[in-house]
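Each chain, written out:
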Amino acid sequence: MKGASWSASPGAVLAGALLLALLRGEELTALLIAVLVHELGHGAAILLLGQRVTGIRAELGGLRLDYCGGAGPGGRALIALAGPLAGLFYALLAARLGRSWGWDWLCLSAGLSLLLSLINLLPSRPLDGGQLCAALAEAALGSQRGERACRVLGLGTGCVLLALGIALILRGKGAAAALIGANLLFHSFPEGEGLVKNGKVR
Amino acid sequence: MHRLPEGGIGVGNRKRLLVAGLLLLLLWRLLFPTAARKLRERAEAVFWPAGSETVAVWGRALGEESPRVAALRRGSGP
């Protein structure tokens, strides 16, 4: 990744500070390993497909790798899928080893990696699932219609997750799902503009 | 009142602020472990009660061998 730029948004700094303040050491390292494996999955796919990593950005929702090299929709879909697949593979391996060795930390890391991978497969814009949908929709429907279809899908996903999250809050299960749903809804809208203009979805 | 320079805080100072902030956080955890633990418990209650334990259970469940695989491994067949 020579020549790649590194940056962190204020949201990422805040998220990092919160994790450092609130998580136990073993939880923090388990999470960092899971995130590292996920991003290495993306990185490996980027390099294997002949692309070049141009930037690594830490954002509120996690890490993001920027790349260039003219990957088509198929390539972009594979790159998007590679992270969750690497995470799922690591989750299985860590879970098996954790059970065999009786090492609870590995089981925790496996669970975190599983959760991270499954959330990232949701079809919403900032997530890998959203990138995957965007690439497949572009290939199937063309650029504009595909983008619009993905926005609607992302909006629906955010709404469902937010509704589920509100139900969980009412049952005393915490605000995590609602916060994630709200974040996904926020990212469903084109930056600085509304979703609908003149009666048409953008 | 002191005003920020035009363009905000410079890159060098931002890095120093970041390092200082991280060190303060670590100091907070070391010097006030009880307060840190209570804050963690409160945050966990708001965000995801028993979240860490739940995720660890998922990890352990993922590592469990299915009965069929266990039977095959023992050579007793399905």
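Refer to the structure printed above.
A brief structural summary. Please read these numbers as outputs of a predicted model, since none were measured by experiment.

## Notes on the sheet that holds strand β2 (residues 52-59) of chain A
All names here are of chain A.
No. 1: Taken in spatial order, the three strands of this open sheet run β1-β2-β3, and their pairing is mixed. Two strands in the sheet have a free side with no partner beyond their single neighbour: β1 (5-8) and β3 (62-68). The average angle at which neighbouring strand axes cross in this sheet is 20°, direction not considered.
No. 2: As paired elements, β2 and β3 share seven bridges and run antiparallel to each other. Bridging across to β3, Arg52 finds its partner in Cys68.

## Thoughts on the pairing of β2(A)
Residue and element names in this part refer to chain A.
No. 1: Examined bridge by bridge, β1 and β2 share four bridges and lie parallel to one another. Bridged to Ala8 within β2 is Ala58.
No. 2: The hairpin formed by β2 and β3 contains two residues between the paired strands.

## What about the environment of B:Ala36?
Residues and elements named next belong to chain B.
No. 1: Residue placement: Ala36 occurs in helix α2 (residues 33-47).
No. 2: Its 16 C-beta neighbours within 10 Å are what place Ala36 among the partly exposed residues.
No. 3: Taking the C-alpha atoms as reference, Ala36 lies 9.9 Å from Leu25; in sequence the two are eleven residues apart.
No. 4: Not counting chain neighbours up to four residues away, the residues in contact with Ala36 comprise Trp28 and Arg29.

Cut-offs applied
Residues numbered from 1 in each chain as written. Chains lettered and ligands numbered in written order. Predicted model: local features only at pLDDT ≥ 70, side-chain atom pairs only at ≥ 80, totals over all residues. Pairing = 2+ DSSP bridges. Helix = DSSP H or I, 4+ residues; strand = E, 2+ residues; numbered from the N terminus. Axes fitted to C-alpha atoms, helices over the stretch in contact; angles between N-to-C directions. Buried ≥ 20, exposed ≤ 12 C-beta atoms within 10 Å, placed from the backbone. Contact = placed C-beta atoms within 7 Å.

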